[in-house]
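# Structural overview
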Amino acid sequence: MPVIEFREALNQAMCEEMERDESIFLMGEEVGLYNGAYKVSKGMMDRFGARRVVDSPITENSFVGLGVGAANVGLRPIIEVMTFNFAIIALDQIINNAAKMRYMSGGQLKTPMVIRGPGGAAHNLACQHSQAIESFLVHTPGLKVVTPSTPYEGKGLLKSAIRDDNPVCFIESEVMYGMKGEVPEEEYLIPLGVSNKIRDGGDCTLVSYSKMIHVCMEAAQKLSEGDGVECDIIDLRTLRPLDMNPVYESIAKTNRVVIVTEAWPMCSMASEISSLVAEHVFDDLDAPPARVSSEDIPRPYASNLEHAASVTPEKVVQAVKKVCYLAD
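The present account deals with the structure reproduced in this document. (Residues numbered from 1 in each chain as written. Predicted model: local features only at pLDDT ≥ 70, side-chain atom pairs only at ≥ 80, totals over all residues. Heavy atoms only, no water.)

The next thing to look at is the packing of helix α10 (residues 245–254) against helix α11 (residues 269–281). For the pair α10 and α11, the least separation of the axes is 11 Å and the interaxial angle reads 60°. In terms of crossing hand, the pair formed by α10 and α11 is right-handed. In this structure, α10 uses Val 247, Tyr 248 and Ile 251 to contact α11, whose residues at the interface are Leu 276, Val 277, His 280 and Val 281. In the contact of α10 with α11, the residues fall into six nonpolar, one polar and no charged. (Axes fitted to C-alpha atoms, helices over the stretch in contact; angles between N-to-C directions. Helix = DSSP H or I, 4+ residues; strand = E, 2+ residues; numbered from the N terminus. Left-handed = near helix turned anticlockwise from the far one by under 90°. Contact = heavy atoms within 4.5 Å. Nonpolar A, V, L, I, M, F, W, Y, C, P; charged D, E, K, R; others polar.)

Let's shift gears to the packing of helix α3 (residues 60–72) against helix α5 (residues 91–98). Two elements in contact, α3 and α5, have axes whose closest approach is 8 Å; the angle formed by their N-to-C orientations is 25°. As judged from the angle between their axes, α3 and α5 are roughly parallel. As for the relative orientation of α3 and α5, their crossing is right-handed in sense. Contacts between α3 and α5 involve Asn 61, Val 64, Gly 65 and Val 68 on the former and, on the latter, Asp 92, Gln 93, Ile 94, Asn 97 and Ala 98. Partitioned by chemical class, the residues of the contact of α3 with α5 number four nonpolar, four polar and one charged. (Parallel < 35°, antiparallel > 145°, perpendicular 65-115°, else oblique.)

Quick look at the sheet that holds strand β9 (residues 196–199) now. Across the sheet, five strands lie side by side as β9-β11-β10-β13-β14; this open sheet has mixed pairing. In the strand order of this sheet, the two ends are held by β9 and β14 (290–292), each with one partner. In this sheet, neighbouring strand axes are inclined to one another by 25° on average, regardless of whether the strands run parallel or antiparallel. Together, β9, β10 (204–208), β11 (231–235) and β13 (257–260) form the strand contacts of α10, whose direction differs from that of β11 by roughly 175°. Packing of helix α13 (residues 313–323) onto the sheet brings it into contact with β10, β11, β13 and β14, and relative to β13 it is tilted by some 160°. (Pairing = 2+ DSSP bridges.)

So, on to empty space enclosed by the protein. Over the atoms a probe the size of a water molecule is rolled, and this reveals where empty space is left. Counted by the stated rule, this structure contains two cavities of 30 Å³ or more. Reported here for the largest cavity is a volume of approximately 120 Å³. In this structure, the largest cavity is lined by 16 residues; those nearest its centre are Gly 119, Glu 134, Ile 171, Ser 210 and Glu 262. The element contributing the most residues to the lining of the largest cavity is strand β7 (residues 168–173), with three residues. When grouped by side-chain class, the residues that make up the lining of the largest cavity number six nonpolar, six polar and four charged. If you add up the space inside the second largest cavity, you get close to 90 Å³. In this structure, the second largest cavity is lined by Ser 130, Gln 131, Ala 132, Glu 262, Ala 263, Trp 264, Ser 294, Glu 295, Ile 297, Pro 298, Arg 299 and Ala 309. (1 Å grid on protein atoms, 1.4 Å probe; cavity = no way out; pocket = protein on both sides within 12 Å on 5 of 7 lines; lining within 4 Å. Points joined across faces, edges and corners; volume = space filled by probe spheres on them.)

Next up, the structure:
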C-alpha cells in the first residue's frame, strides 16, 4: 500500500472527485497558480484549468458566499480557506446562509459544498492564527463538521464530504500536512458520522480527534510502558453528526474517560462530550470525566509559553493517572 503525505491524500480525494463530477470546482486564496498555501492543490490548475481551480481575492466572506450561491444552483464547490482562523470573517455566510438555506427554503434548495482548510495551532503563529474554533461550527444545525487524523482518514472522509448534499466544514491540521501514512490505491469512502476505535485497552478511555489523536497515542504508550495502564482510544472523526456509541461502549469496559481537545475548555467539544457521558453512562463511571484542553488564554507567540499553553502527552498522562487514582 503506498505511503503518502496527508496533503497528497487530500489532493487525491479532490482530483478523483473532480474527474468523476464536472460540477465540482475548487476556489480559494492561492489554490491555483501557487499550488495552494500548503500545496494541497498542487498541480490541480494544470490538470483542470482556471475555470475549475479558481484563485480568489483575500475576501473570505465574498468567496465563501459565492460558494453558497454556486451550491444553491447545482454546482458542488470546494472552498479552501487558508486557515479556519480566517473563516471567522465568513461566519455569516457559513452559519446564516450555508447552514440554513435548506431549512429556510423548505427543502427546495440544498447547499452541497465543502469548506476546508487548516484549523488549530501550528508553531509560533500567535493568538490570531492559532485557534481551534470547531465548537463555533458544531453549535450550528445544518452544518457537518469533519476532523481527520491521518492521510487514510483524510482521503476517505473528504471524498464522502464532497459527495454529501449538505455543507461540510472539513478541518485539517496544519502540522499534519507533511505526516505520512498508508493510503490504498483503490477507491474507498469513509462515511461521515462514524467514530472509530484505534487502540484497545481496559483501564481508561481516551476520546479525541484530528492531531490530538497523535498526542493521545503518545500518552497511551507512555502510560503502558511506565505504569502498566492500557487505554482505549476513540477517534471521533466527525464532530457533527457525532457518533458517541463507541465511546459509551468503551466506558462500559474501562469505567473511566479522558477527553482531549486542542480548543479552549469553555463551551468546547470536550464540554459537550463530558456532558453526554454523564447523561448516558453515568452509572458506568468510577471517576468523574476529565478534560484536557489548551489553557484558557489567547495562545502566546513565544515558544516556551506556547508549549506551556498547549495540550501535551504529559498533561494527558497526568489526567489518566488522576481518573485511575494513580496521581502523585
